[in-house]
Amino acid sequence: MEITNGMLGVLSQIVTYVLPFLVVLTTVVTIHELGHFLVARWCGVKIDRFAIGFGKAIFSRTDRHGVEWRVAWLPLGGYVKFAGDLDASSVPDREGLDRLRSRIIAEQGPGAERVYFHFKPVWQRALVTVAGPVANFILAFVLFTVLFSIVGEQIVAPRVFAVAPGSPAAAAGFQSRDLITAVNGRPVHDGSEVTGTVMLSAGEPIRFTVDRGGRPVELTATPQRVEIQDQVAGRVKVARIGLDLRPLVGSDISIRRLNPIEAAAKGVDRIGEVLGTTLRYLGRIVTGRESGDMLNGPIGIATAAGGITKQASDVGGSVGDAAISVGLNLVQLAAILSIGIGFLNLLPIPILDGGHLVFYAYEAVARRPVAARVQEAGYRVGLALLAGLMLFATWNDLQKLNLFKFLGGLVS
């Protein structure tokens, strides 16, 4: 069989984009479901299935507890199926619970219902539900801690290499070789701290303190939103002030070696930074100060994973060095994605874990489940919100990419 250039192009795109995306997403979602599974097992809940992937099984094994461990052909996450699940909501009303209890007792005898998720105390059901997002945060913590322990913390001083003519930075009076020491009165040590603040401050004046030849200088610049082509994220609109931050002297780059305790503390800090940035960005969307075009869907995640792979290959060096670079960057992407999935699932939207927790909170106070009609309406609204969010994020992904060029590369 002759291998054409088009076939090689398809294989290259699969290796570059699809495989890293599937590995990262499946790992993060599997850990999420494993959190639900382990706490459910601890609470004595009967579990029918733990699946990695969806669709027809390519591997299946049932253990001595009666749990089917399945690997399915579509590797886009996974799920846990508790015994007695009635539907995707997993929260039946009182009438549904009574019918389920009667059926279980009739088929298995009195007392058999106690191992079913729906008849566990509400605090246990809440623990099982919150365990998924918590597992995501634990995964991010472990990954960040391992990265900081092995690689250390690289600090690149926010040194001004160049100032774009006509930019807000030029108008503010920035000069080459300035060292930014504080942003809005907060000390900074790494360039990412500066860019992170600027990116989410479009239209808002920012106060900078710079070290210029040993003396402090106060400057104020207002970021403007511009469109850039990022090698990892694609075409995005972000706030910029026109500074090119790069190291100019040897002391501008340093690697701080962290012991396990310091690495763990830094891992917690990094999770807090990601959550803080996420909350601030969402708040700016709600107040109309951001358009939301930085929200990513599956295509955006695949693009980021592929961009990481391409960056490593473009840098050069040995195959081993490139593989290590790809691995380390994908681990960091997995940690950030894990935080995102954990945070998303805690939102109080019916159909997500956070929505379940709201229902359980009501049940704990009112001593009865939420009425069926309220649950049904809530899940329809929640499904519509989630579907709308995914469509919006996917549209953003397509806007950032030249989709037809990408598809042309697959078939040319």
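Parameters and conventions
Residues numbered from 1 in each chain as written. Predicted model: local features only at pLDDT ≥ 70, side-chain atom pairs only at ≥ 80, totals over all residues. Heavy atoms only, no water. Helix = DSSP H or I, 4+ residues; strand = E, 2+ residues; numbered from the N terminus. Buried < 20%, exposed > 50% of the residue type's maximum accessible area, 1.4 Å probe, protein only. Areas by Shrake-Rupley, 256 points an atom, 1.4 Å probe, with all protein chains shown as cover. Phe/Tyr/Trp six-rings, centres within 6.5 Å; stacked < 30°, edge-to-face > 60°. pLDDT = per-residue confidence, 0-100. Contact = heavy atoms within 4.5 Å. Salt bridge = Lys/Arg side-chain N within 4 Å of Asp/Glu carboxyl O. Patch = residues over 30% accessible without salt bridge, like charges linked within 9 Å, V, L, I, M, F, W, Y side chains within 5 Å. Pairing = 2+ DSSP bridges. Arc of directions from axis to C-beta. Axes fitted to C-alpha atoms, helices over the stretch in contact; angles between N-to-C directions. Parallel < 35°, antiparallel > 145°, perpendicular 65-115°, else oblique. Left-handed = near helix turned anticlockwise from the far one by under 90°. Nonpolar A, V, L, I, M, F, W, Y, C, P; charged D, E, K, R; others polar. Core = buried A, V, L, I, M, F, W, Y, C linked by side-chain atoms within 4.5 Å.

### Considerations on the overall build of the protein chain
In terms of regular secondary structure, the protein chain is built from eleven helices and twelve strands. Counting every position in the protein chain, which comprises 412 residues, the buried fraction comes to 41%. Taken as a whole, the protein chain presents about 21900 Å² of accessible surface, with 63% of it coming from carbon and sulfur.

### Topic: the packing of aromatic side chains
If you walk through the whole model with that rule in mind, you get eight aromatic pairs. Ring centres of Phe37 and Phe50 lie 5.5 Å apart, and the angle between their planes is 75 degrees; on these two criteria the pair is classed as edge-to-face. Residue Phe37 is located in helix 1 (residues 5-42), and its partner Phe50 is located in strand 1 (residues 47-62); the two are separated by 13 residues in the primary sequence. Among the residues examined, Phe50 registers a relative accessible area of 4% and is labelled buried.

### Here we look at the confidence of the model for the protein chain
Mean pLDDT over the protein chain stands at 81; residues scoring 70 or higher make up 77%. The lowest-confidence element of the protein chain is helix 11 (residues 403-411), averaging 44 in pLDDT; the highest-confidence one is strand 7 (residues 206-212), averaging 96. Below pLDDT 50 for its whole length, residues 1-11 participates in nine contacts with residues either more than four positions away or in separate chains. In the model, residues 403-412 has pLDDT below 50 throughout and makes ten contacts with residues more than four positions away in sequence or in other chains.

### Thoughts on the environment of Ala169
Inspection of the secondary structure puts Ala169 in helix 4 (residues 168-172). Taking the C-alpha atoms as reference, Ala169 lies 8.3 Å from Thr220; in sequence the two are 51 residues apart. Those residues in contact with Ala169 that sit more than four places away from it in its chain are Val163, Phe174, Ile241, Gly242 and Leu243.

### With respect to the pattern of salt bridges
For the structure on display, the rule yields eleven salt bridges. A salt bridge links Glu363 to Arg125, with the nearest nitrogen and oxygen atoms 2.8 Å apart. Residue Glu363 is located in helix 9 (residues 353-366), and its partner Arg125 is located in helix 3 (residues 122-150); the two are separated by 238 residues in the primary sequence. Its salt-bridge partner being Arg186, residue Glu193 comes within 3.7 Å of it at the nearest N-O pair.

### Observations concerning a nonpolar patch on the surface
Side chains of Phe54, Ile58, Phe59, Val71, Trp73, Leu74 and Leu76 sit close together on the surface and give an oily, nonpolar patch of about 660 Å² of accessible area. Elements with a minimum of two residues in the nonpolar patch: strand 1 and strand 2 (68-82). Ranked by the residues each element gives to the nonpolar patch, the list is headed by strand 2, at four residues.

### A word on the pairing of strand 3 (residues 153-156)
Residues of strand 3 alternate between two faces, with Glu153 and Ile155 buried on one and Gln154 and Val156 left unburied on the opposite face. Bridge analysis of strand 3 against strand 12 (residues 253-256) gives four bridges, and the strand direction is antiparallel. Each residue of the ladder has a partner; that of Ile155, found in strand 12, is Ser254.

### Brief notes about helix 5 (residues 191-199)
Every buried residue of helix 5 is listed here: Gly191, Val194, Thr197 and Val198. Along helix 5, the residues classed as buried sweep out an arc of 135 degrees about the axis, all on the same side.

### Describing the packing of helix 3 against helix 6 (residues 260-286)
Viewed as axis vectors pointing N to C, helix 3 and helix 6 meet at an angle of 130 degrees, and their least axial separation amounts to 8 Å. The pairing of helix 3 with helix 6 is recorded here as oblique in orientation. Once helix 3 is placed against helix 6, the crossing between them reads as right-handed. Side by side, helix 3 and helix 6 meet where Phe137, Ala140, Phe141, Phe144, Thr145, Phe148 and Ser149 of the first sit next to Pro260, Ala263, Ala264, Lys266, Gly267, Val268, Arg270, Ile271 and Leu275 of the second. Among the residues forming the contact of helix 3 with helix 6, the class breakdown is eleven nonpolar, three polar and two charged.

### Topic: unusual backbone geometry
You will see that Ile351, though not glycine, has its phi angle at about 95 degrees, which is positive. Position of Ile351 relative to the elements: it lies in the loop between helix 8 (319-346) and helix 9.

### Side note on the nonpolar core
Ranked by size, the top nonpolar core spans 22 residues in total, and within it Val24, Leu25, Val28, Phe144, Leu337, Ile339 and Ile341 carry the most contacts. Elements with a minimum of two residues in this core: helix 1, helix 3, helix 6 and helix 8. The element best represented in this core is helix 8, accounting for seven residues. Sequence-distant contacts of Leu25, defined by excluding residues within four places in its chain, comprise Leu76, Leu337 and Ile341.

### As for the environment of Cys43
Looking at the element boundaries, Cys43 is found in the loop between helix 1 and strand 1. On the basis of relative accessible area, Cys43 is assigned to the buried category, the value being 8%. For the pair Cys43 and Val128, spaced 85 residues apart in the sequence, the C-alpha separation amounts to 8.1 Å. Residue contacts for Cys43: discarding those within four places in its chain leaves Lys120, Gln124 and Val128.

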